[in-house]
There are 2 protein chains.
Amino acid sequence: MTKEKLTQFFQSMGPISAAQAEDIAIAFVPKTIAKHDFLLRAGKVSDDYLFLDSGFMRAFAYDTDGNDVTTGFYASGQIVFEVASFFNRTPSQEYIQALTDCQGWSITHQQLNALFHARPEFREFGRSVLVRGYAALKSRMLALITEPAAARYESLLHASPEILQHAPLKTVASYLGITDTSLSRIRKGPTAK
Amino acid sequence: MTKEKLTQFFQSMGPISAAQAEDIAIAFVPKTIAKHDFLLRAGKVSDDYLFLDSGFMRAFAYDTDGNDVTTGFYASGQIVFEVASFFNRTPSQEYIQALTDCQGWSITHQQLNALFHARPEFREFGRSVLVRGYAALKSRMLALITEPAAARYESLLHASPEILQHAPLKTVASYLGITDTSLSRIRKGPTAK
DNA sequence: GCATTTTCTTGCCATTTGGCAAGCCGCGCC
DNA sequence: GGCGCGGCTTGCCAAATGGCAAGAAAATGC
């Protein structure tokens with residue numbers, strides 16, 4: 001695995017030169033996670049800021065009744081980490097697990113902060129990652145409130161069809177805010193009366 | 001209006017001395033918004049990073065059917081701005097409106113960036129604001145998926161009872177992800193059969 | 001102070017979604 | 001090849017929520 005996708009990603013998020021990107025990438029170390037293994041477990045402090053090079057992951061939490069609820073899916077080309085735990089150095093409420101074998105590039109909180117300190121252009125990158133995630137979450141929230149379950153499923157299908165290939169239906173359902181039963185019916189098609 | 005609450009807020013969010021806080025506060029200018037007036041309108045680029053000193057505000061968007069949906073409430077002591085528009089310099093999808101007469105301290109994007117550049121300690125503050133908002137949104141999202149409407153209403157009632165004093169029920173209902181009719185029934189109490 | 005407009009409640013009924021349980025299918029394992 | 005198990009579907013019915021409309025109550029404007 002080369003650092004090509006990683007440096008490309010840095011450059012795609014803002015005004016960073018190829019040389020700078022390679023310099024920054026030096027601090028990232030390779031990380032492999034086997035299917036079903038965890039990048040983060042609840043109770044631990046997240047210390048991986050991971051660029052996912054290949055594979056799929058999901059984040060989930062348990063609600064008060066013990067049901068697991070998917071809070072996010074991650075495809076390659078994204079940064080995977082639990083924001084609050086990582087930046088506030090507090091125990092995570094969530095788990096992050098590999099849906100398939102995964103490979104990526106990781107950096108610790110301390111090292112990332114050192115980079116932010118040393119490289120002003122990279123700070124911009126860090127902020128963009130946060131802002132992008134925040135905005136995506138807002139838009140998911142709005143959809144959850146304004147769109148019916150079937151429309152939310154269609155959107156996901158268009159945005160990331162690959163997810164459906166790798167995550168069991170139950171997992172996708174809780175991400176959409178419905179039960180696996182309902183999702184199964186939605187997939188069947190328009191409720192023929 | 002003095003800058004006391006503003007400097008207190010800086011200090012409460014991280015390791016910033018009183019002297020530093022006052023220095024930073026110099027760049028913030030007072031802003032008054034009359035009840036029903038807008039801090040931000042859809043289509044405009046947000047250029048106010050506002051510390052709300054007194055009053056209540058709400059953010060909302062229109063869904064595809066033209067219904068307005070409350071995306072957030074803000075009480076005094078919070079930073080009010082639209083993350084994506086402000087940092088990406090893109091037109092806002094949302095409106096931010098005063099529910100009551102409001103007073104606060106505002107800074108432009110350019111000035112804020114200058115502060116982040118000049119003051120490392122303040123960068124930490126900026127990140128905390130983002131992370132806090134992000135985490136709050138995640139937790140709202142989880143509640144929306146896992147908790148029934150009545151429980152979400154109860155939580156809001158405990159967390160910010162003042163909001164109910166200033167926002168019409170319809171506004172609160174869309175924030176909770178339900179209709180005003182349902183919220184009215186929920187408030188009536190346990191559905192006595 | 002009165003008229004107008006908004007906000008809130010409520011009844012009636014439709015729609016959406018959930019809960020449960022049975023059955024089916026596919027796949028790995030011995 | 002047969003067994004077991006997780007994952008998906010489906011029927012039946014219950015619960016939660018919505019849509020509409022009428023009327024009461026409260027706020028607003030002049």
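Nothing here was measured: the structure is a model prediction, and the numbers come from that model. (Residues numbered from 1 in each chain as written. Chains lettered and ligands numbered in written order. Predicted model: local features only at pLDDT ≥ 70, side-chain atom pairs only at ≥ 80, totals over all residues.)

Peer 1: Help me understand the pairing of strand β8 (residues 102-107) of chain B, please; the structure alone is not making it clear to me.
Peer 2: Successive residues of a regular strand alternate their side chains across the two faces of the sheet. Residues and elements named next belong to chain B. Summarising burial for β8: five of the six residues are buried, a large majority. Of the strand pairs in this sheet, strand β3 (residues 49-54) and β8 are connected by five bridges, and their pairing is antiparallel. Bridge assignment links L52 to a residue of β8, and that residue is G104. (Buried ≥ 20, exposed ≤ 12 C-beta atoms within 10 Å, placed from the backbone. Helix = DSSP H or I, 4+ residues; strand = E, 2+ residues; numbered from the N terminus. Pairing = 2+ DSSP bridges.)

Peer 1: Help me out: how do you make sense of the protein's contact with DNA strand D in this one?
Peer 2: Within the structure, DNA strand D sits among 16 residues, and P168, L169 and S184 of chain A together with A149 and S182 of chain B are positioned closest to it. Residue contributions to the surface near DNA strand D peak at six residues, all from helix α9 (residues 180-188) of chain A. Taken together, the residues of the surface near DNA strand D break down into six nonpolar, five polar and five charged. (Near = placed C-beta within 6 Å. Nonpolar A, V, L, I, M, F, W, Y, C, P; charged D, E, K, R; others polar.)

Peer 1: So what exactly am I meant to see when it comes to the protein's contact with DNA strand C here?
Peer 2: Within the structure, DNA strand C sits among 16 residues, and A149 and S182 of chain A together with P168, L169 and S184 of chain B are positioned closest to it. Every element with two or more residues in the surface near DNA strand C is listed here: α6 (149-159) and α9 of chain A together with α8 (169-176) and α9 (180-188) of chain B. Looking at the surface near DNA strand C residue by residue, the classes come out as six nonpolar, five polar and five charged.

Peer 1: For this particular structure, what's the right way to read the nonpolar core?
Peer 2: Within soluble globular proteins, side chains that are nonpolar generally end up buried alongside one another. Residues M57 and V80 of chain A together with M57 and V80 of chain B are the most contacted members of the largest nonpolar core, which totals 94 residues. Excluding its chain neighbours within four sequence positions, the residues that come into contact with M57 of chain B are L39, L52, Y74, V80, I96, Q97, A98, L99 and C102 of chain B. (Core = buried A, V, L, I, M, F, W, Y, C linked by C-beta atoms within 7 Å. Contact = placed C-beta atoms within 7 Å.)

Peer 1: What is the right way to look at unusual backbone geometry in this model?
Peer 2: Glycine aside, a negative phi is what most residues show, and trans is what most peptide bonds show. Residues and elements named next belong to chain A. Phi at H36 takes a positive value of approximately 80 degrees, unusual for a residue other than glycine. Mapped onto the elements, H36 comes out in the loop between β1 (29-33) and β2 (38-40). With 10 C-beta atoms counted inside 10 Å, the residue H36 sits in the exposed group. Although it is not a glycine, R89 adopts a positive phi angle of roughly 55 degrees. Judged by the 11 C-beta atoms lying within 10 Å of it, R89 falls in the exposed class.

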